[in-house]
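# Descriptive analysis of the structure
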Amino acid sequence: MLSEERFVEYLADASRRLLIAEDDEGTAVGYTMINLGEPADADVRGSLRIHPTAELSKCYVLPGHHGEGVAGRLMAESLRAGGEAGAEGMWLGVNEENARAQRFYGKHGFERVGAKRFLVGDRYEDDWVMERPLTPVG
């Protein structure tokens, strides 16, 4: 999970939407973050078919809360928030070897439209670029 300082920074950024899932006691158990606007990465820009777009940048649920529907509720709210912000599509990057996450995103309407490569430390990682249409609200 992100540090409290990072959450505060993200909350202050008008180009981001941060959604937090809480349990019955009000403890954070997961979050998503949406980045509004067109991607800076040329591989991603070249893959996307729907504009304007938003990126589902983060989607995280604490392991002890997997299987409770938290991720599905966060996803539904993230898609709604992207549409409310004026995006017509949403995209994400998912590790090419993460079949579980790919299935989850596919279940929520995302399909593979391309790939991107990026450097982490001294090694390259390869992600699938997945995208889905949104229904803009407004």
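Each remark here, short or long, concerns the structure printed above.
Here's a quick rundown of the structure. Values in this document were obtained by computation on a predicted structure and should not be read as measured data. (Residues numbered from 1 in each chain as written. Predicted model: local features only at pLDDT ≥ 70, side-chain atom pairs only at ≥ 80, totals over all residues. Heavy atoms only, no water.)

## Some words on the pairing of strand β6 (residues 123–133)
Relative to β6, strand β4 (residues 89–95) runs antiparallel, the two being bridged by seven bridges. Note that in β6 the partner of Asn 95 across the bridge is Asp 127. Pairing of strand β5 (residues 111–120) with β6, which is carried by nine bridges, proceeds in the antiparallel orientation. Of the residues in β6, the one forming a bridge with Lys 116 is Asp 127. Between β5 and β6, which follow one another and run antiparallel, lie two residues, and Gly 121 among them has a positive phi close to 65 degrees. (Pairing = 2+ DSSP bridges. Helix = DSSP H or I, 4+ residues; strand = E, 2+ residues; numbered from the N terminus.)

## Points about the packing of aromatic side chains
This model, assessed by the stated rule, comprises three aromatic pairs. Ring plane angle 65 degrees and centroid distance 5.5 Å describe the contact between Phe 104 and Tyr 105, whose orientation is recorded as edge-to-face. (Phe/Tyr/Trp six-rings, centres within 6.5 Å; stacked < 30°, edge-to-face > 60°.)

## Details of the environment of Tyr 31
Examined against the element boundaries, Tyr 31 turns out to sit in strand β2 (residues 28–36). Expressed as a C-alpha distance, the spacing of Tyr 31 and Ile 20, which sit 11 residues apart in the sequence, is 4.3 Å.

## Here's the deal with the pattern of salt bridges
Under the defined criterion, the tally for this structure stands at seven salt bridges. For Glu 111, the salt bridge goes to Arg 49, with nearest N and O atoms at 3.0 Å. Note that Glu 111 is positioned in strand β5 and Arg 49 in the loop between α2 (42–47) and β3 (53–61), a separation of 62 residues in sequence. A relative accessible area of 41% places Glu 111 in the partly exposed class. Take Arg 49: its relative accessible area is 52%, and that puts it in the exposed class. Residue Glu 77 is joined to Arg 80 by a salt bridge in which the shortest nitrogen-to-oxygen separation is 2.6 Å. With Glu 77 and Arg 80 both in helix α3 (residues 70–84) and three residues apart, this pair spans about one turn of that helix. Here Glu 77 falls in the partly exposed class, since its relative accessible area comes to 35%. Residues joined in a network through salt bridges with shared partners are Arg 49, Glu 111 and Glu 131. (Salt bridge = Lys/Arg side-chain N within 4 Å of Asp/Glu carboxyl O. Buried < 20%, exposed > 50% of the residue type's maximum accessible area, 1.4 Å probe, protein only.)

## Some thoughts on the environment of Phe 110
As for its position among the elements, Phe 110 is in the loop between α4 (99–107) and β5. For Phe 110 and Pro 133, which are 23 residues apart along the polypeptide, the C-alpha to C-alpha distance reads 8.2 Å. In contact with Phe 110, not counting residues within four places along its chain, are Met 75, Leu 79, Met 90, Trp 91, Leu 92, Tyr 105, Met 130, Glu 131 and Arg 132. (Contact = heavy atoms within 4.5 Å.)

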